[in-house]
Amino acid sequence: MANIISDETMEYVGILAKLELSGEEREQARKDMGRMLDYIDKLNELDTAGVEPMSHVFPAQNVFREDVVTNGDESEGILSNAPAEKDNMFAVPNVMSR
Amino acid sequence: MREVLPFAGQRSARQVPGKEKRQIMDILSLSAVELGTAIREGAVTAVEAMEAVLGRIEESEEKLHCYITIEKEKALEKAGQVQKKIEAGELAGPLAGVPVAVKDNLCTAGRRTTCASRILENFVPTYTAEAVRNLEQAGAVIIGKTNMDEFAFGSTTETSAYGVTRNPHQPEHVPGGSSGGSAAAVAAGECFFALGSDTGGSVRQPASHCGVVGMKPTYGTVSRYGLVAYGSSLDQIGPLGRTVEDCAAILETIAASGGGALGSGPDGEAAAGTRKDSTYLNRKDIDFTSSLKKDVKGMRIGMPRDYFGQGLDGEVAKAVRMAAKLLAENGAVVEEFDLNLVEYAIPAYYTIAAAEASSNLERFDGIKYGYRASGAEELHQMYKKTRSEGFGPEVKRRIMLGSFVLSSGYYDAYYLKALRVKAMIKKAFDQAFAGYDCILGPVAPTTAPRLGESLSDPLKMYLGDIYTISANLAGLPAISVPCGADSRGLPIGLQLIGDCFQEKKILQAAYTYEQLRRAGQEKAVRTGEGR
């Protein structure tokens, strides 16, 4: 395997991805990622110097509209999906340490 | 060539809808457009059509598991309401009263939408996806929400948190994916047509594996509003149906921009004007059914040599080449050519798709909706625990890879590199379409794999997407049409890819092929050659 993913990189990617992998899961993820990156490295066979990165296939223009409210009060429907709510607000675990 | 159609009635033997009341088996043998005609003519009611579909579901759903959620009473009630509107002359479109299945990554107000993930187990959207709303306003009636790979990450529908879907042709095989539930439901007669989404082949490949027609339109043709995002620059909603005509009629309906007249939506939601996404093109040339002409004379069709090389199953290659031959015999100019860069499409695609997925799935954090892990004492721990418990292995794999290729230090080398290769692939297609009206090839390298065969080796599974993903990278329209079956009775699909905005060319070629093939099958039955 050409791509060896270090412990530091795994740790860093876990933070970015907001995922907490167990020991076994982590080793599998390391292996899978290494294999995929080996495969993706195939792109390096192509000389892309001078080629502009293409994010969208058509020249996309932003479309503007008037900023008017079109929906009614949906707070009940929206909050009914919340794992926890309090006084018409989303409830979350402690944000700051006591 | 033998083709097994286990549920849908024998197509070649079916009758043109008449005025008389039809038997239930008869209703199920109709295409969506034929059923719509029968309903408008008063030969069948929307309620009878829904009852027929629910009856079929009763028989086969336990075995096949095409759906995650079925709401029978709601479906019958809606069908009754639609029937009244049809009788009052308020609904007269081709799909009015026709039962439809919707992939479970399309938001439906008041109906659970899970994306086949545990993390959205109890999510009930407050709004409806634009494509679905267009269908409802045209009078189509939703049966339920279909199974899929979790967040559409997969090619087999085996990564669903709600169990696998089985292929109606061979239950020990997968239906393909990620829109596997939608394709299987169409093939099994558990709906008359379905919606799917196609990010790398997720409509076309399951259509191919299940022996139905599936289409991905040009990027931006159908609004993505209300489609749970996977790879936003690649995602398109597309139809799955029994015939090319059905797909053209469905696409015409879901691509429309005028669906959102002022007033109240079907679920009583406020529907002021149309709601689109930022890349919706608002095309004027969406009269797709006008292209249903049996004529390929002079049509230039190119077959990429790279699509018929190593890795392609012999039986699939033979069936696709036979299809090309049939088109050539009827006047198309078919030739082989070199489409460059085919081998670079998969690594470019998986880099871009994983990057966009990792970004799009950041929203699932256990705050506003969906699953939240218990026992976390502070916010960040809750995020991590929720996502780690809520997502399945394939989703985690892609989020990890996507986060890596977007991270500082690797962004240029991986993500931007892939976007540069994407530009080169688009250019290769531009060159091809300077010489050809359509590109013809297989949809997938093999027929549907056996259950459990694919997940052990993700990279191998990704390689199965080789013929479909380029259309997503280059934004092209493409259609999958049944063209035979292998020796085990598993369907084989023919793929036709068009240049951007040239849906009508591929629809015409696909329609012509479908009609020629059917005529050949009917002749074989008459002369006793059907083996």
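Some details on the overall build of chain A
So, point 1. A count of helical and extended segments in chain A gives 3 helices and 2 strands.
So, point 2. In sequence order, the secondary structure elements of chain A are arranged as α-α-α-β-β.
So, point 3. Relative to the 2.2 N^0.38 estimate, which gives 13 Å for 98 residues, the radius of gyration of chain A is 23 Å and therefore markedly larger than a compact globule would have.
So, point 4. In terms of overall dimensions, chain A has a C-alpha envelope of 55 × 45 × 25 Å along the principal axes.
So, point 5. When the 98 residues of chain A are sorted by exposure, 30% land in the buried category.
So, point 6. Entry remark: accessible area of chain A is about 7,100 Å², with carbon and sulfur atoms responsible for 51%.
So, point 7. Side chains of chain A give 9 positive and 20 negative charges; the mean places of these two sets differ by 6 Å.

A closer look at helix α9 (residues 314-329) of chain B
Residue and element names in this part refer to chain B.
So, point 1. For α9, with 16 residues, the first-to-last C-alpha span of 22 Å sits near the 22 Å given by 1.5 Å per residue.
So, point 2. Within α9, the full set of buried residues consists of V316, A317, A319, V320, A323, A324 and L327.
So, point 3. Buried residues along α9 sit in contact with β7 (300-304), β8 (333-337), β9 (438-442), β10 (478-485), β11 (491-498) and α16 (503-526).
So, point 4. Put simply, D313 is the residue that caps the front of α9, since its side-chain oxygen is 3.0 Å from the backbone nitrogen of E315.
So, point 5. G331 sits one or two positions beyond α9 and adopts a positive phi of about 110 degrees.

Structural notes on the environment of S257 of chain B
All names here are of chain B.
So, point 1. Following the sequence through the fold, S257 ends up in the loop between α8 (244-254) and β7.
So, point 2. Looking at S257, the relative accessible area reads 26%, which means it is partly exposed.
So, point 3. A C-alpha to C-alpha distance of 22 Å links S257 and A478, two positions 221 residues apart in sequence.
So, point 4. A distance of 3.0 Å separates polar atoms of two side chains, one belonging to S257 and the other to N282.

Some thoughts on the sheet that holds β10 of chain B
Residues and elements named next belong to chain B.
So, point 1. With respect to topology, 11 strands assemble into an open sheet ordered β1-β3-β2-β4-β6-β5-β10-β11-β9-β7-β8, the strand pairing being mixed. Unpaired on one side and paired on the other, β1 (67-70) and β8 mark the two borders of the sheet. On average, each strand axis in the sheet is inclined to that of its neighbour by 30 degrees, with strand direction left out of account.
So, point 2. Sheet topology note: the strand β2 (residues 99-103)/strand β4 (residues 193-198) ladder contains 3 bridges and is parallel. Bridging from a neighbouring strand, V100 pairs with F193 of β4.
So, point 3. Docked against the sheet, α8 engages β4, β5 (213-216), β6 (236-241) and β10, running at close to 145 degrees with respect to β6.

Observations concerning the packing of aromatic side chains
Any aromatic ring pair is given by two values, namely how distant the centres are and how the planes are angled relative to each other.
Residue and element names in this part refer to chain B.
So, point 1. Throughout the structure, instances matching the rule amount to 18 aromatic pairs over all chains.
So, point 2. On the basis of an interplanar angle of 40 degrees and a centroid distance of 4.8 Å, the ring pair of F337 and Y436 is categorised as tilted. On the criterion of sequence distance, the pair formed by F337 in strand β8 and Y436 in the loop between α13 (411-435) and β9 is long-range, its members being 99 residues apart. Each member of the pair, F337 as well as Y436, carries the same accessibility label: buried.

Focus on the nonpolar core
Residues and elements named next belong to chain B.
So, point 1. The biggest cluster of nonpolar side chains holds 186 residues, and the ones touching the most others in it are F151 and I479.
So, point 2. Considering each element in turn, this core owes the most residues, 13 residues, to α13.
So, point 3. Each residue touching I479, except ones within four places of it in the same chain, is listed here: R204, V213, G214, M215, V244, L494, Q495, L496, I506, L507 and A510.
So, point 4. With 5 residues, the next largest nonpolar core counts A376, L379, M382 and Y383 among its residues.

A short note on the interface of chain A and chain B
So, point 1. Across the contact, 51 residues belong to chain A and 67 residues belong to chain B.
So, point 2. At the junction of chain A with chain B, the criterion picks out 4 salt bridges.
So, point 3. Here E343 of chain B makes a salt bridge to K42 of chain A, at a shortest N to O gap of 3.0 Å.
So, point 4. Counting across the interface, chain A meets chain B through 18 residue pairs in polar contact (both at pLDDT 80 or more).
So, point 5. At the level of secondary structure, the elements contributing two or more residues to the side of chain A that touches chain B comprise α1 (7-17), α2 (23-40) and α3 (75-79) of chain A.

Comments concerning empty space enclosed by the protein
So, point 1. Here the structure, examined in full by the defined rule, presents 6 cavities of 30 Å³ or more.
So, point 2. There is about 100 Å³ of room inside the largest cavity.
So, point 3. Taken together, 15 residues line the largest cavity, and the ones lying closest to its centre are G154, S155, G200, S202 and D465 of chain B.
So, point 4. Class assignment for the residues of the lining of the largest cavity results in 5 nonpolar, 8 polar and 2 charged.
So, point 5. Lining of the second largest cavity is provided by D32, R35 and M36 of chain A together with R397, P458, L459 and Y462 of chain B.
So, point 6. For the lining of the second largest cavity, a count of residues per class yields 4 nonpolar, no polar and 3 charged.

The rules behind each value
- Residues numbered from 1 in each chain as written.
- Chains lettered and ligands numbered in written order.
- Predicted model: local features only at pLDDT ≥ 70, side-chain atom pairs only at ≥ 80, totals over all residues.
- Heavy atoms only, no water.
- Helix = DSSP H or I, 4+ residues; strand = E, 2+ residues; numbered from the N terminus.
- Rg over C-alpha atoms; globule rule 2.2 N^0.38 Å.
- Buried < 20%, exposed > 50% of the residue type's maximum accessible area, 1.4 Å probe, protein only.
- Areas by Shrake-Rupley, 256 points an atom, 1.4 Å probe, with all protein chains shown as cover.
- Lys, Arg positive; Asp, Glu negative; His and termini not counted.
- Charge placed at Lys NZ, Arg CZ, Asp CG, Glu CD.
- Expected span 1.5 Å × (residues − 1).
- Contact = heavy atoms within 4.5 Å.
- Polar contact = N/O pair within 3.5 Å; in protein donor to acceptor, adjacent residues only side chain to side chain.
- Pairing = 2+ DSSP bridges.
- Axes fitted to C-alpha atoms, helices over the stretch in contact; angles between N-to-C directions.
- Phe/Tyr/Trp six-rings, centres within 6.5 Å; stacked < 30°, edge-to-face > 60°.
- Core = buried A, V, L, I, M, F, W, Y, C linked by side-chain atoms within 4.5 Å.
- Salt bridge = Lys/Arg side-chain N within 4 Å of Asp/Glu carboxyl O.
- 1 Å grid on protein atoms, 1.4 Å probe; cavity = no way out; pocket = protein on both sides within 12 Å on 5 of 7 lines; lining within 4 Å.
- Points joined across faces, edges and corners; volume = space filled by probe spheres on them.
- Nonpolar A, V, L, I, M, F, W, Y, C, P; charged D, E, K, R; others polar.

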